[in-house]
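Listed below are the residues making up each chain.
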Amino acid sequence: MLDVSLYCIGKTAHLSMPVTGFLMLQEQKKLRLKWEIDRENRRGYPYLPLLGVDVSGKRIVLDLADGYDMPPGELAQAAGQSDYYFRRSFSEEENAVLPAFLQRKMYPLGFHYHVSWPGNFMDSIGGKGGLKDEVFQIVFNGAPRRYFTPEKFEAPPKRSETPSILFYTRLWKPYEESVARLNEERIHLVRMLKKRYGRWFTGGIQYSPLAMKMCRELVVGVAKTRRRSYLHTLHQADICIGTIGLHRSVGWKTAEYISASKAIINESIPYEVPGNFQNGQNYLPFTGIEECCTQIEYLLGHPRKVYEMKCANADYYQKYLRPDRLIANMLKRVFPGFL
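Conventions we followed
Residues numbered from 1 in each chain as written. Predicted model: local features only at pLDDT ≥ 70, side-chain atom pairs only at ≥ 80, totals over all residues. Heavy atoms only, no water. Helix = DSSP H or I, 4+ residues; strand = E, 2+ residues; numbered from the N terminus. Rg over C-alpha atoms; globule rule 2.2 N^0.38 Å. Buried < 20%, exposed > 50% of the residue type's maximum accessible area, 1.4 Å probe, protein only. Contact = heavy atoms within 4.5 Å. Areas by Shrake-Rupley, 256 points an atom, 1.4 Å probe, with all protein chains shown as cover. Phe/Tyr/Trp six-rings, centres within 6.5 Å; stacked < 30°, edge-to-face > 60°. Lys NZ or Arg CZ within 6 Å of the ring centre and 35° of its normal. Expected span 1.5 Å × (residues − 1). Pairing = 2+ DSSP bridges. Axes fitted to C-alpha atoms, helices over the stretch in contact; angles between N-to-C directions. pLDDT = per-residue confidence, 0-100.

Draft legend 1. Looking closely at the overall build of the protein chain. Assigned secondary structure in the protein chain consists of 14 helices and 12 strands. Expected size for 339 residues packed as a compact globule is a radius of gyration near 20 Å; at 20 Å, the protein chain falls within 12% of this value. Relative to its 339 residues, the protein chain shows a buried fraction of 55%. For the protein chain, long-range pairs separated by at least 24 residues make up 71% of all intrachain contacts whose partners lie at least 6 apart in sequence. When the accessible surface of the protein chain is split by element, carbon and sulfur atoms take 50% of a total near 14900 Å².

Here it is in structure tokens:
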């Protein structure tokens, strides 16, 4: 049995999923776990979404940051003290410009979403180091974070002769031009989906003062986007739409869709993940609104393909994305005999 020590410099929802995976493996008696939140940052981690993992003399770092927008010096600082460096946002193309000693350490971690487990020390709210971000307060309003354990997302593949379409999204404060552009693209996409697919489409823009100012007619009530309500709606849907997030990250919704065994149409995914997640098998890509609609039309006309994609994603989830499997696969990369 492995003895595992987790280290971080503060609480952030980005780390809830990997901590969940470790806690699940501990409950399965596959490892023993202890952790430390070091707000003095004695290791000098340059940003918050980093989880240090010390196992049998090996130092592993899990990087849950959105993309590659951090200064190169910060990435080198984070990776330099590790033996293995697993990135949520992993790109061979982006890695190619890094120093060779960093490239050799880097591996893909996988998709990411907010999921928890009893005892998850990332999920306490308030107090020093607590989670107070207003976006997450809106998302989780109505239920404690610890409620959202893996089985709340999971669902078996279901056949449907009249597939339904789902896309809820939010707007971000436009602190730079790329974010303003992202907001506009989401607004245009929701408007087009509502217009073309009418009663077959469920979705809209999550409430916020910014959304009310930019697209009041597309805003949905807070009750519909609270986590419990959203998961119920997700489980009723067949075809789910995903878009790229901040810093070209893969949106957290994409992992939720996989965990719920949905057919997925996703803005082209810029990063690599472990396993056999494939274009055409697990998702259909798009690069603009018209191509998104073309992919929707294809799936609406091929219900059997919708079901096949649901089954492929159910299989991928069980092998690569379920939090305990994601962490177990990571540990097996470092310790081939694990499990």
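Anyway, onward from the coordinates.
Draft legend 2. Structural view of the packing of aromatic side chains. Enumeration over the complete set of coordinates arrives at 12 aromatic pairs. Stacked on the ring of Tyr7, the Lys or Arg Arg43 has its end atom at 4.1 Å from the ring centre. Stacked on the ring of Tyr68, the Lys or Arg Arg87 has its end atom at 3.9 Å from the ring centre.

Draft legend 3. Geometry of helix α13 (residues 303-321). Taking 1.5 Å per residue, 19 residues should reach 27 Å; α13 reaches 25 Å between its end C-alpha atoms and fits that length. Restricting attention to buried positions, one finds in α13 the residues Pro303, Lys305, Val306, Met309, Lys310, Ala312, Asn313, Ala314, Tyr316, Tyr317 and Leu321.

Draft legend 4. Representation of the pairing of strand β12 (residues 283-286). Side-chain alternation along β12 places Tyr283 and Pro285 on one buried face and Leu284 and Phe286 on a second face that is also buried. Bridging between strand β11 (residues 263-267) and β12 involves four bridges; their strand directions are parallel. Residue pairing in the sheet places Asn266 in a bridge with Pro285 of β12.

Draft legend 5. Broad picture of the sheet that holds strand β1 (residues 2-8). Spatially, six strands are ordered β2-β1-β3-β4-β5-β6 in an open sheet, and the strand pairing comes out mixed. Only two strands of the sheet have a single neighbouring strand rather than two, namely β2 (31-37) and β6 (106-108). Each adjacent strand pair in this sheet contributes to an overall mean axis angle of 25°, direction not counted. Bridge analysis of strand β4 (residues 58-63) against strand β5 (residues 84-87) gives four bridges, and the strand direction is parallel. What sits directly across from Val61, in β5, is Tyr85. Across the face of the sheet, helix α1 (residues 16-27) comes into contact with β1, β2, β3 (50-55) and β4 while running at roughly 145° to β2. Across the sheet, helix α2 (residues 72-80) is in contact with β3, β4, β5 and β6; its angle to β5 comes to roughly 125°.

Draft legend 6. Main features of the confidence of the model for the protein chain. In this model, the protein chain carries an average pLDDT of 91, and 93% of its residues clear a pLDDT of 70 or more. The low-confidence segment residues 126-136 (pLDDT under 50) makes 24 contacts with residues lying over four places distant or belonging to another chain.

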